[in-house]
Amino acid sequence: MAELLKGAPVAAALDEKTREAVHLLKIRGVRPTLGILRVGERPDDTAYESAAVRRCEKLGIEVRRVSLPEDVKQGALLAQIARLNSDDNVHGVLMFRPLPVQLDEEEACAALMTSKDLDGVTPGSAALLYTGAPGGFAPCTAEAVIALLEHYGVPLEGRRAVVVGRSLVIGKPVAMLLLEKNATVTVCHSRTRALPELTRRADIVVAALGRAESLTADCFAPGQTVVDVGINYSEERGKLVGDVDFDAVSGLVAAITPVPAGVGAVTTAVLAKHVVRAAGGML
Ligand code: NAP
């Protein structure tokens, strides 16, 4: 059986550093504050919001929640973003996406100040990530993948990493972060030919394709580390499952993240860390 790379110990280790940084900020008179901007009541968003608020409160981070109705107009959304941008008491913002169809998401993301963009949604954040320049924030889930690998001491430098998925939220930023760590990275997607041949040759496989249990045992080899970012509800199994067929693969590889309780458990800890960094805390 593979080593289980659970998210909770990673989150706890991150939280310890964040709590200390919050304490130091408060001594300087700074109260780190997260702004949350949500449009509508999507259950995924409200569940994530509750988890983020719980973690922040536990760590002494304040939260300013703004929720707008599902049918909000673009102008009202942009006005709200402008208010959060200019509010010096809000250090960073999490804006839930996707936005409802009547809204121009690209324009909304671009309207957020890069220095407050805690989840890496603005073009400015993407530029910083892709140039490797300091100062920006990567999407929290992408950074959670790296935090998890580093926590468990998985060597990255010079290793072959295959990322399955090329979304702006996960696949591409994970690939960039792995490159920063000097891994040799291959990015696969829906048009990739002979995917199992590529994944089998990797030292590390990051699965972020959003297809329930679709990476089966033939995609893997002994000795590999597998990070499953996928979160899918399987009607057939009546539970949450990842993008990797855990039951078949966990007997083959060296280490694997569970779903749930893997990467997902680290994401809000990374968000809290980002709030503190945006507030000027050393992390
Ligand atoms: P997405 O935007 O739908 O992107 C999926 C990517 O996978 C695309 O690049 C797509 O390729 C590729 N893909 C689809 N089918 C494929 C196949 N058969 N073979 C190879 N590549 C394939 O999804 P996402 O937003 O990146 O999310 C990915 C997964 O992560 C989802 O399960 C989501 O629920 C989960 N997630 C988890 C967290 C967390 O905290 N753990 C956070 C966010 C999302 P093309 O580009 O060619 O279409």
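Just so we're clear, the structure is a prediction, and the values are computed from it rather than from any experiment.

For the protein chain, the count of helices and strands is ten helices and eleven strands. In terms of overall dimensions, the protein chain is globule-like: its C-alpha atoms have a radius of gyration of 19 Å, near the 19 Å expected for 283 residues. In terms of overall dimensions, the protein chain has C-alpha extents of about 50 × 45 × 40 Å along its principal axes. By residue count, 48% of the 283 residues in the protein chain fall in the buried class. Taking as baseline every contact in the protein chain between residues at least 6 positions apart, the subset at least 24 positions apart corresponds to 71%. Of the roughly 13300 Å² of accessible surface on the protein chain, a fraction of 52% belongs to carbon and sulfur atoms. Here the protein chain contributes 31 positively and 34 negatively charged side chains, and the mean placements of these two sets differ by 3 Å.

A sheet is described by the order of its strands in space; here six strands give the open sequence β1-β11-β8-β7-β5-β6, paired in parallel fashion. Strand pairing shows two members of the sheet lacking a second neighbour, β1 (3–4) and β6 (184–188), which therefore form its edges. Pairing of strand β5 (residues 160–164) with strand β7 (residues 204–207) involves four bridges; the strand directions are parallel. Each residue of the ladder has a partner; that of Val 164, found in β7, is Ala 207. Each of β5, β6 and β7 is contacted by helix α7 (residues 171–180), which is oriented at about 170 degrees to β5, the strand it contacts most.

For the rest of this paragraph, the subject is the UniProt feature "domain: Tetrahydrofolate dehydrogenase/cyclohydrolase NAD(P)-binding" (unreviewed entry) in the protein chain. The UniProt feature table records "domain: Tetrahydrofolate dehydrogenase/cyclohydrolase NAD(P)-binding" (unreviewed entry) at residues 139–279. Segment residues 139–279 splits into 33% helix and 18% strand. End C-alpha atoms: 18 Å apart.

Okay, helix α10 (residues 264–278) next. With 15 residues, α10 should reach 21 Å at 1.5 Å per residue; the first-to-last C-alpha distance of 22 Å fits that figure. Within α10 the residues assigned to the buried category are Val 266, Thr 267, Thr 268, Ala 269, Val 270, Leu 271, Ala 272, His 274, Val 275 and Val 276. Tucked inside the fold, the buried residues of α10 contact α1 (8–27), β2 (33–39), α2 (43–59), β4 (92–95) and α6 (140–151). Residue Gly 280 follows α10 closely and has a positive phi angle near 95 degrees.

Before going further, it helps to examine the side chain of Thr 122. Turning to its location among the elements, Thr 122 is positioned in the loop between α4 (105–111) and α5 (123–131). For Thr 122, a relative accessible area of 3% gives the class buried. Here Ser 125 takes part through its side chain, which lies 2.9 Å from a polar atom of the side chain of Thr 122. Discounting chain neighbours no more than four positions away, the residues touching Thr 122 are Cys 109, Leu 112, Thr 114 and Asp 117.

This next bit is on the site of the ligand. Near the ligand, the surroundings consist of 19 residues, among which Arg 166, Ser 167, Ser 190, Arg 211 and Val 229 are the closest. Between the ligand and Asn 232 there is a distance of 3.4 Å, counted from an oxygen atom to a side-chain nitrogen or oxygen. Split into classes, the residues belonging to the shell around the ligand amount to six nonpolar, ten polar and three charged.

With their axes 9 Å apart at the nearest point, α1 and α2 run at an angle of 50 degrees to one another. The pairing of α1 with α2 is recorded here as oblique in orientation. Two secondary-structure elements touch here, α1 through Ala 11, Asp 15, Thr 18, Arg 19 and Val 22 and α2 through Arg 55, Lys 58 and Leu 59. Counted by class, the contact of α1 with α2 contains three nonpolar, one polar and four charged residues.

Among the nonpolar cores identified, the biggest contains 54 residues, and Leu 34, Ile 61, Leu 178 and Val 206 are the most heavily contacted of them. Of all the secondary structure elements, the ones that give two or more residues to this core are α1, β2, α2, α6, β5, α7, β7 and α10. Leu 37, Leu 68, Val 72 and Leu 103 belong to the second largest nonpolar core, which has 17 residues in total.

What counts and how
- Residues numbered from 1 in each chain as written.
- Predicted model: local features only at pLDDT ≥ 70, side-chain atom pairs only at ≥ 80, totals over all residues.
- Heavy atoms only, no water.
- Helix = DSSP H or I, 4+ residues; strand = E, 2+ residues; numbered from the N terminus.
- Rg over C-alpha atoms; globule rule 2.2 N^0.38 Å.
- Buried < 20%, exposed > 50% of the residue type's maximum accessible area, 1.4 Å probe, protein only.
- Contact = heavy atoms within 4.5 Å.
- Areas by Shrake-Rupley, 256 points an atom, 1.4 Å probe, with all protein chains shown as cover.
- Lys, Arg positive; Asp, Glu negative; His and termini not counted.
- Charge placed at Lys NZ, Arg CZ, Asp CG, Glu CD.
- Pairing = 2+ DSSP bridges.
- Axes fitted to C-alpha atoms, helices over the stretch in contact; angles between N-to-C directions.
- UniProt positions renumbered as here; feature names shortened; annotations may be inferred.
- Expected span 1.5 Å × (residues − 1).
- Polar contact = N/O pair within 3.5 Å; in protein donor to acceptor, adjacent residues only side chain to side chain.
- Near = heavy atom within 4 Å.
- Nonpolar A, V, L, I, M, F, W, Y, C, P; charged D, E, K, R; others polar.
- Parallel < 35°, antiparallel > 145°, perpendicular 65-115°, else oblique.
- Core = buried A, V, L, I, M, F, W, Y, C linked by side-chain atoms within 4.5 Å.

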